[in-house]
Amino acid sequence: MSLKIESLSVHFGRTRILNDVSGLEARPGELTALIGPNGAGKSTLLKSIAGIERSTGHISLDDTALDTLDIAQRAGQIYYLPQDITSRAALSVFEAVLLARRTTHKTDRRQDLKRVQHTLQTLELEQYAERDLGQLSGGQRQRVAIAQAVVREPRVLMLDEPTSALDLHHQLQVLEWLVALAREQQMIIVIAIHDLSLAARFSRHMWLMGAGGKVCAVGAPEQVLTEERLREVYAIRAHVEWPEGEPPRVTPLAATRQLGMQGREQDF
Ligand SMILES: Nc1ncnc2c1ncn2[C@@H]1O[C@H](COP(=O)(O)OP(=O)(O)OP(=O)(O)O)[C@@H](O)[C@H]1O
């Protein structure tokens, strides 16, 4: 019972963006962190899994190949929250989250209202429930987008840099909540994230992507995040510490050379 990816490739024109990505697995009940430098292909990978980017290869969920599902079935199981949240719809926060809920749940309306209310409370958004989306700060809007994604209750939830606009309090609060949500609802949650200390602290499993649209490492954070690998993939010197009884710490010390994507290939 998991999401599995084998031999996945994506081309934009003549350029290969994802290059035979294999051996990725994300399990229900835990948070998987997708990490890697700018341009490595993290968003492209998540979009391919969601079926909104054309790809070749094999993606399966519980041993069902996703390309055998029609668009509606796939969208019902998998939700991708993009990095750029552009919605300025003339809706209140409550309406926007309720609308998201109703797109996947045609059940008891009272239950849906309660669910939306609970989600807004959890994300500390209750006080903005009646406010229009266009009148929110960047971080508030990002939390509303997370609420909209979560109330759909997909089997697989993929969030692209969901904490990028959040203050430190809300970064911790959202990540703690996602960990609990994955566990309680046996959801598969994958987040793309740049903060390696947070990734190490909250994820149980990591996918590290590097130059050339390739996967450089997968496994538990302790296995993936080594100082040597950070030097290779991110071109940085860093201290990686796993102190007993404290959160892990990845401290970047210096950039060692130019970080290029020279590994990207042209196929034709
Ligand atoms: N529509 C497109 N057409 C051509 N190239 C694209 C397109 N979208 C993305 N790319 C390229 O594909 C590569 C991977 O982009 P992607 O957005 O997946 O990277 P990322 O790892 O998510 O980066 P970041 O950390 O900066 O968000 C980049 O080199 C980008 O320039």
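Residues numbered from 1 in each chain as written. Predicted model: local features only at pLDDT ≥ 70, side-chain atom pairs only at ≥ 80, totals over all residues. Heavy atoms only, no water.

Asker: Outline unusual backbone geometry, listing residues and values.
Answerer: In this structure, Ser-7 is a non-glycine residue whose phi angle is positive, near 50°. Looking at where Ser-7 falls in the secondary structure, it is placed in strand β1 (residues 3-12). With relative accessibility at 32%, the residue Ser-7 sits in the partly exposed group. A positive phi angle is found at Ala-235, which is not glycine, with a value near 55°. Within the fold, Ala-235 resides in the loop between α9 (227-234) and β12 (236-241). (Helix = DSSP H or I, 4+ residues; strand = E, 2+ residues; numbered from the N terminus. Buried < 20%, exposed > 50% of the residue type's maximum accessible area, 1.4 Å probe, protein only.)

Asker: Could you give me a rundown of the environment of Asp-70, with the residues and numbers involved?
Answerer: Along the chain, Asp-70 falls in the loop between β6 (64-65) and α2 (71-77). A polar atom in the side chain of Asp-70 sits 3.1 Å from the backbone nitrogen of Ala-72. (Polar contact = N/O pair within 3.5 Å; in protein donor to acceptor, adjacent residues only side chain to side chain.)

Asker: Run through the packing of helix α5 (residues 138-151) against helix α6 (residues 168-185), naming residues and quoting values.
Answerer: Closest axis-to-axis distance for the α5/α6 pair is 12 Å, and the angle between their directions is 5°. Classified by the angle between their axes, α5 and α6 sit roughly parallel to one another. Side by side, α5 and α6 meet where Arg-143, Ile-146 and Val-150 of the first sit next to His-170, Val-174, Trp-177, Leu-178 and Leu-181 of the second. (Axes fitted to C-alpha atoms, helices over the stretch in contact; angles between N-to-C directions. Parallel < 35°, antiparallel > 145°, perpendicular 65-115°, else oblique. Contact = heavy atoms within 4.5 Å.)

Asker: Tell me about α9, residues and numbers included.
Answerer: Residues of α9 that are buried include every one of Leu-230, Val-233 and Tyr-234, and no others. All buried residues of α9 lie within an arc of 80° about the axis, which places them on one face of the element. Across from the buried face of α9, at angles greater than 90 degrees, the exposed residues are Glu-228 and Glu-232. Residues of α9 that are buried in the fold lie against β4 (31-35), α7 (196-202), β10 (205-210), β11 (214-219), β12 and β13 (249-255). Following α9 by one or two positions, Ala-235 adopts a phi angle in the positive range, close to 55°. (Arc of directions from axis to C-beta.)

Asker: Requested: an account of the site of the ligand, with residues and values cited.
Answerer: Neighbouring the ligand are 14 residues, the closest being Gly-39, Gly-41, Lys-42, Ser-43 and Thr-44. Here Ala-40 contributes a backbone N or O atom positioned 3.2 Å from an oxygen atom of the ligand. Within the side chain of Lys-42, a nitrogen or oxygen atom sits 2.7 Å from an oxygen atom of the ligand. Calculation on the ligand without its partners gives an accessible area of 650 Å², and the protein chains cover 60% of this total. For the shell around the ligand, the leading source of residues is helix α1 (residues 42-50), giving three residues. Looking at the shell around the ligand residue by residue, the classes come out as four nonpolar, seven polar and three charged. (Near = heavy atom within 4 Å. Areas by Shrake-Rupley, 256 points an atom, 1.4 Å probe, with all protein chains shown as cover. Nonpolar A, V, L, I, M, F, W, Y, C, P; charged D, E, K, R; others polar.)

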